[in-house]
Amino acid sequence: MNKVNPKSLIRSKWTKVDITNKEKHFIITLVKFDENQKIVECIIEAVMTKSEYSIDWRELKESQNWLMGWQ
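Residues numbered from 1 in each chain as written. Predicted model: local features only at pLDDT ≥ 70, side-chain atom pairs only at ≥ 80, totals over all residues. Heavy atoms only, no water.

A. Fine view of the overall build of the chain. Per the secondary structure count, the chain includes zero helices and five strands. Moving toward the C terminus, one meets the helices and strands of the chain in the order β-β-β-β-β. Over its C-alpha trace the chain gives a radius of gyration of 12 Å, about what one expects of a compact globule, namely 11 Å for 71 residues. Once the C-alpha set of the chain is aligned to its principal axes, its extents read approximately 35 × 25 × 15 Å. Per-residue burial for the chain yields a buried fraction of 28% across its 71 residues. Long-range contacts, defined as pairs at least 24 residues apart, comprise 44% of the intrachain contacts of the chain with a sequence gap of at least 6. Split by element, the accessible area of the chain, about 4,900 Å² in all, is 51% carbon and sulfur. (Helix = DSSP H or I, 4+ residues; strand = E, 2+ residues; numbered from the N terminus. Rg over C-alpha atoms; globule rule 2.2 N^0.38 Å. Buried < 20%, exposed > 50% of the residue type's maximum accessible area, 1.4 Å probe, protein only. Contact = heavy atoms within 4.5 Å. Areas by Shrake-Rupley, 256 points an atom, 1.4 Å probe, with all protein chains shown as cover.)

As C-alpha cells, this is what we get:
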C-alpha cells in the first residue's frame, strides 16, 4: 500500500501498473479541498496524451494499481 499525503498530491508523479491506451505515466494537476480540508476533486493527467481524468485520490494508495514516481 502506497502512503499518500493529500497535502502533497499536487504535481506528484504516478505510474499505472495496468497500461491502457498507451497511458502509463501520470501527474496530478488539480486537487480541490472543501472547508474541512477534505479532498473533493482530484484530476490526474496522462503525460503522453494529455488526457485528464477525475479520480478518487484514495485509489493511488493501491500499490497493485499505482506506483509512486515514474518507473
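B. Representation of the environment of Thr49 in the model. Mapped onto the fold, Thr49 is located in the loop between strand S3 (39-46) and strand S4 (52-54). Between the alpha carbons of Thr49 and Phe26 there is a distance of 9.9 Å; along the sequence they are 23 residues apart. Those residues in contact with Thr49 that sit more than four places away from it in its chain are Asn21 and Glu23. Within the local environment of Thr49, its side chain forms a polar contact with the side chain of Glu23, the two groups lying 2.6 Å apart. (Polar contact = N/O pair within 3.5 Å; in protein donor to acceptor, adjacent residues only side chain to side chain.)

C. The packing of aromatic side chains, seen in detail. Using the criterion set out here, one finds one aromatic pair in the structure. Seen from the ring of Phe33, Lys7 lies directly overhead, with NZ or CZ sitting 5.1 Å from the centre. The ring centre of Trp70 lies 4.6 Å from the NZ or CZ of Lys13, which sits over that ring. (Phe/Tyr/Trp six-rings, centres within 6.5 Å; stacked < 30°, edge-to-face > 60°. Lys NZ or Arg CZ within 6 Å of the ring centre and 35° of its normal.)

D. Broad picture of the pairing of S3. Buried residues dominate S3, accounting for six of its eight residues. Where strand S2 (residues 23-33) and S3 come together, seven bridges link them in antiparallel fashion. Residue Lys32 lies in a different strand from S3, and its bridge partner there is Glu41. Connecting S2 to the antiparallel partner S3 that follows it, the hairpin turn spans five residues, and Gln37 within it adopts a positive phi of roughly 65°. By the bridge criterion, three bridges tie S3 to S4 in an arrangement that is antiparallel. Bridged to Ile44 within S4 is Tyr53. (Pairing = 2+ DSSP bridges.)

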